[in-house]
Amino acid sequence: MTAVEATLAEYARLTRQAMDVQLQALEPTSYLDELVREYPRRGGKGLRPALLLATCLAHGGTLHDGLDVAVAVEMLHNAFLIHDDVQDGSRRRRGEPTLHALHGLPLAVNAGDALATLALRPLQAPGALGARVGRRVLDEVLAMILKTTEGQALELGWRRDNVVDLGPADYLELVAKKTCWYTSVAPLRLGALIGSRGTAPLGPLSRYGFYLGAAFQIRDDLLSLEAAEHGKDALGDLREGKRTLPLLHLLSAASPGDRAWLGAYLARPENERSQLEAEHVRALMDRHGSVEFASDYAQALAAAAGDAFDAAFANVTPSEHVEFIRDLAPYLITRGR
Amino acid sequence: MSDLRRDQIAAAGEVFERVLRGYADPAAPAGGVKTAQLRTAAARTVDLYAQLVQEALEGVMHLAEDLAPSIGGGEPPLALSGRPGAAAATPIFLHNATDAAVERVVLRLTDLTAPSGAVIAGALADLEPDRLDLAPGASAETRLSLRIPHHAPAGIYHGHLLAHALPDAALAVRLEVAP
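Chemist: Can you explain the overall build of chain A? Please cite residues and give values.
Modeler: For chain A, the helix and strand inventory stands at 15 helices and 2 strands. At 20 Å, chain A has a C-alpha radius of gyration in line with the 20 Å of a compact globule built from 337 residues. Oriented by its inertia axes, the alpha-carbon framework of chain A measures out at about 60 × 50 × 35 Å. Across the 337 residues of chain A, 58% fall into the buried class. At a minimum sequence separation of 6, the contacts of chain A that also span at least 24 residues come to 77%. Taken as two groups, the 36 positive and 43 negative side-chain charges of chain A have centres that lie 2 Å from each other.

Written out as structure tokens, the structure reads:
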């Protein structure tokens with residue numbers, strides 16, 4: 001285990017402990033309580049709370065200052081995953097069947113609703129943060145939720161309408177809203193806001209968060225193309241027709257014949273796309289250098305993240321927390337799951 | 001850095017700036033490390049005091065709301081008006097929203113002060129009756145009457161109506177003395 005992974009694991013442990021306390025608000029039932037606990041139980045990288053807490057500590061705050069908000073963000077993440085799996089028709093999450101595959105759509109959607117609502121409870125009382133910072137934290141979390149749903153709507157809309165005339169800029173806009181905002185931008189902003197009591201500039205941190213989050217998402221796209229087990233469906237993104245960067249590159253680089261075939265493939269409902277066809281798309285990606293293109297793009301964004309990090313943390317006292325945040329970018333684009 | 005990589009980063013930067021637009025940074029301008037630490041420490045201190053003040057005010061508000069909803073910061077000030085030499089009067093209602101009797105409520109008007117520094121003594125006020133007993137869930141009325149001195153300069157005066165039984169409650173009073 002690398003130092004980054006060890007730190008991530010420790011933040012994840014602290015967050016899960018605090019999350020368990022929040023989840024005790026539910027009556028123990030097999031229809032809701034167990035479902036709500038299912039995805040948190042399976043673990044996960046804990047990237048969001050780690051980024052929030054490390055940024056909070058780096059800016060002079062304490063774990064106690066940031067933990068409630070870190071829990072809120074992690075619970076929202078798990079709620080988004082439940083609904084995301086339903087919307088995408090995914091079958092596996094974190095190495096096990098998705099919640100709706102286990103319990104059916106109605107109960108899974110309801111559990112997602114409950115988890116999203118419970119996530120806001122830690123934000124009700126500002127506590128040690130005080131009213132001024134507490135209000136800004138709530139504003140940040142609400143903005144994060146809205147941006148994420150805007151991004152999700154964009155992706156779902158493109159798939160419904162089979163939009164294929166898309167370039168990297170479209171992809172980055174999607175990723176900035178769907179992934180970056182709640183994966184990296186908001187955790188960085190929230191951590192700095194809490195740790196500095198609202199005195200740290202948030203713009204440079206947001207830029208770092210965008211580059212970091214986009215590099216993270218491209219790595220996720222690439223992992224979905226690998227045959228190795230990484231907790232999700234093999235070639236799941238291709239089966240679901242997700243507009244990933246490798247797919248968009250393939251659409252622009254493929255021959256007219258292949259492009260027409262791809263358009264028809266993506267136009268069909270997911271249950272009418274076979275595994276063989278998904279494997280054919282994957283082979284086309286290799287032929288046209290789409291995987292290499294995406295990998296290079298992730299490297300470029302990671303390099304830009306390094307520069308953005310320097311700007312964002314120029315006035316922050318050097319510490320182990322700052323080092324952890326700096327080391328996240330290279331870790332995220334080389335991670336195996 | 002290759003041209004392609006530079007173009008990729010620039011394109012990403014443009015997209016990110018567009019998405020970030022509308023989320024202006026309300027924070028203080030950047031400074032050195034020590035300045036940032038100082039700002040954070042100062043902000044923490046200010047927040048601590050603000051929190052203490054807010055908690056104290058919330059305590060007063062809750063007590064006032066429980067015992068007499070008409071006495072509290074959320075209410076508009078009690079308005080009085082009159083000319084020098086005349087009397088300004090208004091009824092006052094107290095509502096006991098609690099389950100306990102509140103007895104011997106004695107109201108008292110503080111001195112009223114104008115921005116110019118002119119003062120009208122609270123002792124010139126009469127309350128009739130001057131003592132109220134409130135049964136649980138009951139209301140009671142008293143009448144405030146203030147004699148405006150002949151020499152009182154025209155203007156707006158401010159003061160408070162206090163209740164002996166409600167030490168944390170204060171009803172703002174606004175008196176307009178006509179020229």
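Still more to cover.
Chemist: Talk me through the overall build of chain B; I want residue IDs and the actual numbers.
Modeler: When its secondary structure is counted, chain B shows 2 helices and 11 strands. Listing every helix and strand of chain B by position from the N terminus yields α-α-β-β-β-β-β-β-β-β-β-β-β. For chain B, the residues scored as buried account for 34% of the 179 residues in total. The contacts of chain B with a sequence gap of at least 6 include a subset with a gap of at least 24, amounting to 68%. For chain B, the exposed area adds up to about 10300 Å²; of that, 58% sits on carbon and sulfur atoms.

Chemist: Describe in detail the pairing of strand 9 (residues 139-147) of chain B, supporting the description with residues and values.
Modeler: Residue and element names in this part refer to chain B. Where burial is concerned, the two faces of strand 9 differ: the one with A140, T142, L144 and L146 is buried and the one with S139, E141, R143, S145 and R147 is not. Here strand 2 (residues 87-95) runs beside strand 9; their pairing, made up of 9 bridges, is antiparallel. Bridge pairing links A88 to L146 in strand 9. Sheet topology note: the strand 7 (residues 125-128)/strand 9 ladder contains 4 bridges and is antiparallel. By the bridge assignment, A125 is partnered in strand 9 with L146.

Chemist: How would you sum up the sheet that holds strand 9 of chain B? Please name residues and give values.
Modeler: All names here are of chain B. What the 3 strands build is an open sheet, ordered 2-9-7; its pairing is antiparallel. Edge positions in the open sheet fall to strand 2 and strand 7, since each of these has one partner strand only. Shown here is a sheet whose adjacent strand axes are inclined to one another by a mean of 20 degrees, direction ignored.

Chemist: Quick rundown of the confidence of the model for chain B? Include the residues and the values.
Modeler: Mean pLDDT for chain B: 77, with 69% of residues reaching 70 or above. Counted against residues more than four places away or in other chains, residues 68-75 of chain B, with its pLDDT under 50, gives 20 contacts.

Chemist: Describe helix 11 (residues 245-253) of chain A, with residues and values.
Modeler: Residues and elements named next belong to chain A. Burial of helix 11 is extensive: 7 of the 9 residues sit out of reach of the surface. Every buried residue of helix 11 is accounted for by L245, P246, L247, L248, H249, L250 and L251. Structurally, helix 11 contributes buried residues whose contacts are with helix 8 (168-195), helix 9 (203-224), helix 12 (256-267), helix 13 (275-288) and helix 14 (290-312).

Chemist: Requested: an account of the packing of aromatic side chains, with residues and values cited.
Modeler: Under the defined criterion, the tally for this structure stands at 10 aromatic pairs over all chains. When the ring of F80 of chain A is compared with that of Y182 of chain A, the centres are 5.1 Å apart and the planes differ by 85 degrees; the resulting orientation is edge-to-face. Highlighted residues: F80 of chain A in helix 4 (residues 63-88) and Y182 of chain A in helix 8, separated in sequence by 102 residues. Of the two residues, F80 of chain A and Y182 of chain A, both sit in the buried class. Among the aromatic residues, ring-to-ring pairing joins W181, F210 and Y211 of chain A together with F16 of chain B into one connected group. Lying across the ring of W181 of chain A, K147 of chain A places its NZ or CZ 5.6 Å from the centre.

Chemist: Please set out the pattern of salt bridges residue by residue, giving values where relevant.
Modeler: All names here are of chain A. Enumeration according to the criterion identifies 32 salt bridges over all chains in this entry. Between D161 and R160 there is a salt bridge, and its shortest N-O distance comes to 3.0 Å. Its relative accessible area of 68% is what places R160 among the exposed residues. A salt bridge links D237 to K242; the shortest N-O distance between them is 3.8 Å. The pair D237 / K242 is uniform in exposure class, with both members buried. One continuous salt-bridge network, built from bridges that share partners, spans D88, E155, R159, K178, D237, E240 and K242.

Chemist: Break down the side chain of E140 of chain A for me, citing the residues and quoting the values.
Modeler: All names here are of chain A. Examined against the element boundaries, E140 turns out to sit in helix 7 (residues 130-160). On the basis of relative accessibility, which here comes to 9%, the residue E140 falls in the buried class. With residues near it in sequence (within four places) discarded, E140 still touches R189, L190, L193 and L202.

Chemist: Quick rundown of helix 13 of chain A? Include the residues and the values.
Modeler: All names here are of chain A. Compared with the 20 Å implied by 1.5 Å per residue over 14 residues, the 20 Å span of helix 13 between its first and last C-alpha is a close match. Taken as a whole, helix 13 has its buried residues at E277, A278, V281, R282, L284 and M285. The buried residues of helix 13 all sit within an arc of 155 degrees when viewed along its axis, so they share a single face. Across from the buried face of helix 13, at angles greater than 90 degrees, the exposed residues are L276 and R287. Residues of helix 13 that are buried sit in contact with helix 10 (236-240), helix 11, helix 12 and helix 14. Phi turns positive, to about 75 degrees, at G289, one or two residues after helix 13.

So, how was this worked out
Residues numbered from 1 in each chain as written. Chains lettered and ligands numbered in written order. Predicted model: local features only at pLDDT ≥ 70, side-chain atom pairs only at ≥ 80, totals over all residues. Heavy atoms only, no water. Helix = DSSP H or I, 4+ residues; strand = E, 2+ residues; numbered from the N terminus. Rg over C-alpha atoms; globule rule 2.2 N^0.38 Å. Buried < 20%, exposed > 50% of the residue type's maximum accessible area, 1.4 Å probe, protein only. Contact = heavy atoms within 4.5 Å. Lys, Arg positive; Asp, Glu negative; His and termini not counted. Charge placed at Lys NZ, Arg CZ, Asp CG, Glu CD. Areas by Shrake-Rupley, 256 points an atom, 1.4 Å probe, with all protein chains shown as cover. Pairing = 2+ DSSP bridges. Axes fitted to C-alpha atoms, helices over the stretch in contact; angles between N-to-C directions. pLDDT = per-residue confidence, 0-100. Phe/Tyr/Trp six-rings, centres within 6.5 Å; stacked < 30°, edge-to-face > 60°. Lys NZ or Arg CZ within 6 Å of the ring centre and 35° of its normal. Salt bridge = Lys/Arg side-chain N within 4 Å of Asp/Glu carboxyl O. Expected span 1.5 Å × (residues − 1). Arc of directions from axis to C-beta.

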